[in-house]
Amino acid sequence: MMNNNGRLPLSKRVSQRYGMRARKRKKIFKTIFIILLIAAVLAGGFFGVKALVNYFATRPVVRVEKPKTEKPVKKVKPEELIAEADLLAMGYDYDGAIEKIKEYGEDWVSKEKLSSAVSRYEGTKATMVRHADVTDIPHIFFHSLIVDTSKAFDEDYTSDGYNQYMTTISEFEKMLDEMYERGYVLVDIHDIAYEQTQADGTTKFVPGDIMLPEGKKPFVMSQDDVNYYSYMKGDGFADKIVIGEDGMPTCEYILDDGSVVRGDYDLVPILERFINEHPDFSYRGARAALALTGYEGVLGYRTCPTSDDYNEADIEEAKAVAERMRELGWTFASHSWGHLTYGTISMSKFEADVTRWEEQVRPIIGDVDVLIYPYGNDIAGIGKYSGEKYEMLHSLGFKYFCNVDSAPAWVQVRDDYVRQGRRNLDGYRMWYSPDMLDDLFEVETVWDTSRPTPVKPIG
């Protein structure tokens, strides 16, 4: 109720004022509560996240990898395998051919082409005949082949030596052709005999099992001084062996203007090409044995530390060439370090020379077990090896030894080594003893008419 002046009574106004203040305090308390509640929630969230981070940081991580989906292995086409296997079979490696076919997988049997190929290899293998007597296997050898006869036979002080000891490329190629026509097949010297463990645990050499078609005749080949000595430069010979862009060994040859060309300028690439064209000329991938000295380096690379033209970088290059040639089946042999007569020099000189070869040549071409005597100068006669020189050579791993002999074949298989005589197919032998080569070829058909005659003996 209003009073006379239109205002609420004092008691009502006081009561109303206190009510308003109470409502204001309530609103403030509510606001403070809400703020405190939000702060608590935020604080709890912060410490909660921190706790979670600490938990996962110290907890061991377990990674679950998604299972890998293996791509299906793409099988080689049967035709491709058969082509590779046929190549092995043409080289009389029928077991290798069969294993090649089986690379297709367990289901090769269900593939008619593959199973027929295996049957063909097995049938042909059954017709092979074991070479009965390894002592009748001839060993022929050459020196560096003459590329340009006009330079080799130019009547200077080296001409007579080249005429005696060297063979021209033309002659070598004709020899290969005729020997191939006569049924000769190149075998590795290690095919002649191999070490076999006996019942008492000892080992001894036994004749090899060379299996060839009826009428085929095995033979061994080697080349001496595959070093390309400095005195031969400008005389019509190759300069070094290199590996070509196709991964095969070839030779560098220096032309008159100083430019370098690559090609079939010596025995290695020529024989490699011939075998590629006639796979049945090589028994299970056999190549020739290459005899190396060390006093000027190897394979045309100047790797001898004491020579004037020593080139340290040549060592790695020579290693790479030797490694590739080994892969292709070439055999390396020692020809002594200094081209010395091992049979006649003193023990001290012998030991020094062998040591140099072991230190400078073996690390480049790898382990070897074949020794080809310079000048054919053997450390003993036809009797059994013994003595300090043999003991030293044998301790270093040499087990195959080759001298020079004019007989068609001379092979000695002992318990702890094999020895074989070699026949030189050079100008001297062809001119003075052509009848001694009739079993291999007719000299008249291979003789290079650019060669001067008669061949003059040196000495």
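Just above, that's the structure.
Participant: Could you give an account of the pattern of salt bridges, naming the residues involved and the relevant values?
Facilitator: For the structure shown, the criterion picks out 24 salt bridges. One salt bridge in this structure joins glutamate 79 and lysine 113, with 2.6 Å as the shortest N-O distance. Highlighted residues: glutamate 79 in helix H2 (residues 78–90) and lysine 113 in helix H4 (residues 112–125), separated in sequence by 34 residues. Looking at glutamate 79, the relative accessible area reads 42%, which means it is partly exposed. Arginine 324 serves as the salt-bridge partner of glutamate 327, at 3.1 Å between the closest nitrogen and oxygen. Linking glutamate 327 with arginine 324, this pair stays in helix H9 (residues 312–327), spanning 3 residues, or about one helical turn. Taking relative accessible area as the criterion, arginine 324 reaches 26% and is therefore assigned partly exposed. Overlapping salt bridges bring together Glu84, Lys100 and Glu103 as one network.

Participant: Outline the packing of H2 against H4, supporting the account with residue identities and numerical values.
Facilitator: With their axes 10 Å apart at the nearest point, H2 and H4 run at an angle of 10° to one another. Here H2 is positioned roughly parallel relative to H4, judged by the angle of their axes. On H4, the residues touching Pro78, Glu79, Ile82, Ala85, Asp86 and Ala89 of H2 are Lys113, Leu114, Ala117, Arg120 and Tyr121. Residues that form the contact of H2 with H4 fall into these classes: 7 nonpolar, no polar and 4 charged.

Participant: So what's going on with a negative patch on the surface? Residues and values would help.
Facilitator: Together, Asp435, Asp438, Glu442 and Glu444 make up a negatively charged patch on the protein surface. Secondary-structure assignment places aspartate 435 in the loop between helix H13 (427–432) and helix H14 (443–446). Judged by relative accessible area, which is 57%, aspartate 435 ranks as exposed.

Participant: Tell me about the nonpolar core, residues and numbers included.
Facilitator: Inside soluble globular proteins, nonpolar side chains tend to come together where they are buried. Ranked by size, the top nonpolar core spans 71 residues in total, and within it Met221, Leu271 and Leu299 carry the most contacts. Every residue in contact with methionine 221, bar those within four places of it in the chain, is listed here: His139, Ile140, Phe142, Phe172, Leu176, Leu186, Leu267, Leu271, Ala288 and Ala289. Ile189, Ile210, Ala291 and Cys402 belong to the second-largest nonpolar core, a separate cluster that totals 36 residues.

Rules and cut-offs
- Residues numbered from 1 in each chain as written.
- Predicted model: local features only at pLDDT ≥ 70, side-chain atom pairs only at ≥ 80, totals over all residues.
- Heavy atoms only, no water.
- Salt bridge = Lys/Arg side-chain N within 4 Å of Asp/Glu carboxyl O.
- Helix = DSSP H or I, 4+ residues; strand = E, 2+ residues; numbered from the N terminus.
- Buried < 20%, exposed > 50% of the residue type's maximum accessible area, 1.4 Å probe, protein only.
- Axes fitted to C-alpha atoms, helices over the stretch in contact; angles between N-to-C directions.
- Parallel < 35°, antiparallel > 145°, perpendicular 65-115°, else oblique.
- Contact = heavy atoms within 4.5 Å.
- Nonpolar A, V, L, I, M, F, W, Y, C, P; charged D, E, K, R; others polar.
- Patch = residues over 30% accessible without salt bridge, like charges linked within 9 Å, V, L, I, M, F, W, Y side chains within 5 Å.
- Areas by Shrake-Rupley, 256 points an atom, 1.4 Å probe, with all protein chains shown as cover.
- Lys, Arg positive; Asp, Glu negative; His and termini not counted.
- Charge placed at Lys NZ, Arg CZ, Asp CG, Glu CD.
- Core = buried A, V, L, I, M, F, W, Y, C linked by side-chain atoms within 4.5 Å.

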